[in-house]
Amino acid sequence: MSKRIFKDEQIRLIMECRQSGLTDYQWCKQNGIHPGNFYNWVSKLQKQGYTFTESAAKPTAVTAELLIGGITLRLFNGADEKLVQNTLRFIGGMNHVW
């Protein structure tokens, strides 16, 4: 069961992330926070009127976007090759050798 993080702590963590020089995703991974939870905090707080600076580090450009049923898979320049391969195998049942 995950620990509940209250609004004041969410705000502090978002600000720390955005000032870190890392992408949101990189910062979340380094700090043991699920990126989906992080973006939910940002969205919820923005709806309440809070504003946050954008991440200082911008992710690389989207190289490809695949729409598979109700799933959108975005592949970025520099994406880990093994992660892409395993993801495609998982969602598409691909069994061929890379």
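Residues numbered from 1 in each chain as written. Predicted model: local features only at pLDDT ≥ 70, side-chain atom pairs only at ≥ 80, totals over all residues. Heavy atoms only, no water.

J.: What is the right way to look at the environment of Trp27 in this model?
T.: Take Trp27: it is sitting in helix H2 (residues 24–30). Look past the residues within four positions of Trp27 in its chain and what remains in contact with it is Leu13, Glu16, Cys17, Ser20, Leu22, Ile33 and Phe38. (Helix = DSSP H or I, 4+ residues; strand = E, 2+ residues; numbered from the N terminus. Contact = heavy atoms within 4.5 Å.)

J.: Can you help me understand the packing of helix H1 (residues 7–18) against helix H3 (residues 35–47) in this one?
T.: Two quantities define a packed helix pair, namely the angle between the helix axes and the distance between the axes. For the pair H1 and H3, interaxial distance at closest approach is 10 Å and the crossing angle is 110°. When the axes of H1 and H3 are compared, the pair comes out roughly perpendicular. For the pair formed by H1 and H3, the contact residues are Lys7, Gln10, Ile11, Leu13, Ile14, Cys17 and Arg18 on the first element and Phe38, Trp41, Val42, Lys44 and Leu45 on the second. Among the residues forming the contact of H1 with H3, the class breakdown is eight nonpolar, one polar and three charged. (Axes fitted to C-alpha atoms, helices over the stretch in contact; angles between N-to-C directions. Parallel < 35°, antiparallel > 145°, perpendicular 65-115°, else oblique. Nonpolar A, V, L, I, M, F, W, Y, C, P; charged D, E, K, R; others polar.)

J.: Whenever I open this one, the packing of aromatic side chains confuses me. Can you help?
T.: The geometry of an aromatic ring pair is captured by two quantities: the separation of the ring centres and the angle between the planes. Taken as a whole and judged by the stated rule, the model has three aromatic pairs. Between Trp27 and Phe38, the aromatic rings sit 6.1 Å apart at their centres with planes inclined by 50°, giving tilted as the arrangement. A residue pair is termed long-range when its members are at least 10 positions apart, and Trp27 in helix H2 and Phe38 in helix H3 qualify at 11 residues. Since its relative accessible area comes to 3%, Trp27 is described here as buried. A residue is classified by how much of its surface remains accessible, and Phe38, at 0% relative accessible area, is buried. A centroid spacing of 6.3 Å and a plane angle of 55° characterise the contact between Phe38 and Trp41, whose relative ring orientation is tilted. One end of the pair, Phe38, and the other, Trp41, are both in helix H3, three residues apart, so they sit about a helical turn from each other. Feature note: the residues Trp27, Phe38, Tyr39 and Trp41 constitute an aromatic cluster, connected by ring pairs. (Phe/Tyr/Trp six-rings, centres within 6.5 Å; stacked < 30°, edge-to-face > 60°. Buried < 20%, exposed > 50% of the residue type's maximum accessible area, 1.4 Å probe, protein only.)

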